[in-house]
2 protein chains.
Amino acid sequence: MRFLSQTSYDDVTEQLFTLGEIPGVLWTPAGAAGTRPLVLMGHGGGQHKKAPGIAVRARRFAAECGFAVAAVDVPGHGDRPTEDEYDRLATENQARVAAGEELAPLIADFQAMVARRTVPEWSAVLDALQELEHVGSGPVGYWGVSLGCGLGVPFVAAEPRVRAAVLGLGGVLASAGPAARITVPVEFLVQWDDERVPREQCLALFDALGSAEKTLHANPGAHAEIPAFELDSTLRFFARHLDPESSGASA
Amino acid sequence: MRFLSQTSYDDVTEQLFTLGEIPGVLWTPAGAAGTRPLVLMGHGGGQHKKAPGIAVRARRFAAECGFAVAAVDVPGHGDRPTEDEYDRLATENQARVAAGEELAPLIADFQAMVARRTVPEWSAVLDALQELEHVGSGPVGYWGVSLGCGLGVPFVAAEPRVRAAVLGLGGVLASAGPAARITVPVEFLVQWDDERVPREQCLALFDALGSAEKTLHANPGAHAEIPAFELDSTLRFFARHLDPESSGASA
């Protein structure tokens, strides 16, 4: 793991790193020392490790919960080289949708293929981050919606260090098998008018989760329109499950 | 409005009252003076104004949010006389279910009939409570699930003083019309394995709500098994909508 830069904000420090060919970013509370919960975040399709939807949440997890938070670029995204195979598939899929095929199964197949690379990559990132003095081997959370859910479901199913996950905006098609193997608490976000993932497939993915504690939050609006108050809920969810001592009895 | 008794707990005062033939209870923070938000709570079928599911929530709304909270017995429930017509219908419905009819439409018809009495009763209760010095004419919230949802949907639709509502565990059958007239923010609770209200009918009632801001929280478990963390969420929901100044930007 190699650190490329460090930027300090009022209450959060942001470090860019690479682990082998994987570019990543680590946010920690300013002056952090010692072991703390770590939240890994998976970005959406066409986005990257520092997309606004990632960075805004990451800084609040670090500043308000005291967590370490990390995100890495998915293959073919952000600072990573383009992937000819992904581009070819994307072009093919556009043509198939134009010809009348449903989008959701094509997205599901694509995400399952990418997950075969990201699951081991993300576990290697956890290994490296947890060796840092200001991260350590504390409880791990995962946050990811849309592509971050499609890649997150197999990751959470495979990675025993993850104790709680926020997932959503994803369908059941590619994920039913790994979803059933997830047993940790999940907060699952559904956009009621999602134009990309059919509502029934979102509800079916929630249904498929093996977790005894899972809670579905559905709100009106399109795929990208998660309301701001859900971030407050996510903060409390992670605080309750990753840092129960500090979150109080009613958190 | 006539007060029958007053009991003081550490941080909450409980007053029993009658308004005409309606028995009710009012919880306020200890030593409350002046105008404050008021939450009216509707109890479940076969329950009453001081059932544990009501009283536990009411005391937290009063103690932690500083609200006034009231609940009254629905006709045929609690301290009210039995209603021969309701009892006859209940017996008839049991026979119809035993003969193979679906339960949900029978419940819906029953609740619609009761609502024709409770909607005006509850508005009269608001009138009387808001004349009290320690309640006043502040914003009003409504909380009710199951029967409290079946009666609450037409009440919230009809009562312009209600600014926010927590509803749930109810189906669309009797409620689609009034639900479409509700425009205030709603937090809507669904039990994923509800044995009394089919999941599809719960989701359809959420869908039917006319509110621009509505949020559905679904959790595994049976009708009566709402998880404890939903009460924390309800507290924040009411604080955000009934008392925005005190709840902070991120509440």
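Above this text is the structure in question.
Let me sum up the structure you'll find in this document. (Residues numbered from 1 in each chain as written. Chains lettered and ligands numbered in written order. Predicted model: local features only at pLDDT ≥ 70, side-chain atom pairs only at ≥ 80, totals over all residues. Heavy atoms only, no water.)

## Considerations on the overall build of chain A
Next, step 1: Secondary structure assignment for chain A yields nine helices and nine strands.
Next, step 2: Along the first, second and third principal axes, the C-alpha atoms of chain A reach 55 × 40 × 30 Å.
Next, step 3: Here chain A, with 251 residues, has 60% of them falling under the buried criterion.
Next, step 4: Taking the intrachain contacts of chain A between residues at least 6 apart in sequence as the baseline, contacts between residues at least 24 apart amount to 68%.
Next, step 5: Accessible surface for chain A amounts to roughly 9900 Å². Of this, 51% is attributable to carbon and sulfur atoms.
Next, step 6: The average position of the 20 basic charges and that of the 32 acidic charges among the side chains of chain A differ by 2 Å. (Helix = DSSP H or I, 4+ residues; strand = E, 2+ residues; numbered from the N terminus. Buried < 20%, exposed > 50% of the residue type's maximum accessible area, 1.4 Å probe, protein only. Contact = heavy atoms within 4.5 Å. Areas by Shrake-Rupley, 256 points an atom, 1.4 Å probe, with all protein chains shown as cover. Lys, Arg positive; Asp, Glu negative; His and termini not counted. Charge placed at Lys NZ, Arg CZ, Asp CG, Glu CD.)

## Considering the interface of chain A and chain B
Next, step 1: Contacts between the two partners involve 22 residues from chain A and, on the opposite side, 22 residues from chain B.
Next, step 2: Buried area between chain A and chain B, both sides added, is near 1900 Å², and the carbon and sulfur share of it is 54%.
Next, step 3: Looking at the side of chain A facing chain B, the largest losses of area belong to W192(A), F229(A) and R236(A), adding up to 27% of the total buried there.
Next, step 4: The interface formed by chain A and chain B includes two salt bridges.
Next, step 5: R199(A) is the partner of D207(B) in a salt bridge, and the nearest nitrogen-oxygen pair spans 3.7 Å.
Next, step 6: Inspection of the region where chain A meets chain B yields seven residue pairs in polar contact (both at pLDDT 80 or more).
Next, step 7: Those elements that provide at least two residues to the side of chain A that touches chain B are α7 (199–208), β9 (214–219) and α8 (229–242) of chain A.
Next, step 8: Counting residues per element, the side of chain A that touches chain B draws most heavily on β9(A), at six residues.
Next, step 9: In terms of residue class, the side of chain A that touches chain B is built from nine nonpolar, four polar and nine charged.
Next, step 10: Looking at chain direction, β9(A) and strand β9 (residues 214–219) of chain B are connected through three bridges and run antiparallel. Bridged to H217(A) within β9(B) is H217(B). (Buried area = accessible area lost by both parts, 1.4 Å probe. Salt bridge = Lys/Arg side-chain N within 4 Å of Asp/Glu carboxyl O. Polar contact = N/O pair within 3.5 Å; in protein donor to acceptor, adjacent residues only side chain to side chain. Nonpolar A, V, L, I, M, F, W, Y, C, P; charged D, E, K, R; others polar. Pairing = 2+ DSSP bridges.)

## A look at the pairing of strand β5 (residues 68–72) of chain B
All names here are of chain B.
Next, step 1: The element β5 is largely enclosed, with a buried count of five among its five residues.
Next, step 2: As paired strands, strand β3 (residues 22–29) and β5 are joined by four bridges and run antiparallel to one another. Across the sheet, the residue bridging to V25 is A71, located in β5.
Next, step 3: The pairing of strand β4 (residues 38–42) with β5 spans four bridges and is parallel. When the bridges of β5 are listed, V39 appears paired with V69.

## A word on the relation of the copies chain A and chain B
Next, step 1: With an RMSD of 0.0 Å, the operation that places chain A on chain B is a rotation of 180° combined with a shift of 0.0 Å along the axis. What the rotation and shift describe, once combined, is the action of a two-fold rotation axis. It is H217(A) whose C-alpha, among those of chain A, lies nearest the rotation axis, at 2.4 Å.
Next, step 2: Here 100% of the interface residues in chain A have copies in chain B that are interface residues too; the copies meet face to matching face. (Least-squares fit on C-alpha atoms with pLDDT ≥ 70 in both.)

## A few points about the nonpolar core
Next, step 1: By size, the foremost hydrophobic cluster in this structure holds 102 residues, and its most contacted members are F188(A), L216(A), F188(B) and L216(B).
Next, step 2: Beyond its immediate chain neighbours, meaning those up to four positions away, F188(A) contacts C149(A), L167(A), G168(A), G170(A), C202(A), L205(A), F206(A), L209(A), T215(A), L216(A) and H217(A).
Next, step 3: Counting 27 residues, the second largest nonpolar core, distinct from the first, contains V12(A), M41(A), A51(A) and L242(A). (Core = buried A, V, L, I, M, F, W, Y, C linked by side-chain atoms within 4.5 Å.)

## Side note on the pairing of strand β3 (residues 22–29) of chain A
All names here are of chain A.
Next, step 1: When you tally the buried positions in β3, you get eight out of eight residues, the bulk of the element.
Next, step 2: Alternating positions in β3 separate into two faces, I22, G24, L26 and T28 on one and P23, V25, W27 and P29 on the other, with burial throughout.
Next, step 3: Where strand β2 (residues 12–19) lies against β3, eight bridges are found, and the strand directions are antiparallel. For F17, the partnering residue across the bridge sits in β3 and is G24.
Next, step 4: Where β2 folds back onto β3 in an antiparallel hairpin, the turn is made up of two residues, including G20, whose phi is positive at roughly 60°.

## Section: unusual backbone geometry
Next, step 1: Positive phi, normally seen in glycine, also occurs at L169(A), with a value near 55°.
Next, step 2: With respect to the helices and strands, L169(A) occurs in the loop between β7 (162–168) and α6 (176–181).

## Concerning the environment of R2(B)
Residues and elements named next belong to chain B.
Next, step 1: Within the fold, R2 resides in strand β1 (residues 2–8).
Next, step 2: As for R2 and C149, which are separated by 147 residues in sequence, their C-alpha atoms are 27 Å apart.
Next, step 3: Beyond its immediate stretch of four places on either side in the chain, R2 contacts L16, F17 and T18.

## Describing the packing of aromatic side chains
Next, step 1: The final tally for this structure, using the stated rule, is 18 aromatic pairs over all chains.
Next, step 2: The interplanar angle of 90° and the centroid separation of 4.9 Å between the aromatic rings of W192(A) and F206(B) together place this pair among those described as edge-to-face. Note that W192(A) is positioned in the loop between β8 (186–191) and α7 and F206(B) in helix α7 (residues 199–208), a pairing that runs across two chains.
Next, step 3: We note K214(B) situated over the ring of F206(B); from NZ or CZ to the ring centre the distance is 5.0 Å. (Phe/Tyr/Trp six-rings, centres within 6.5 Å; stacked < 30°, edge-to-face > 60°. Lys NZ or Arg CZ within 6 Å of the ring centre and 35° of its normal.)

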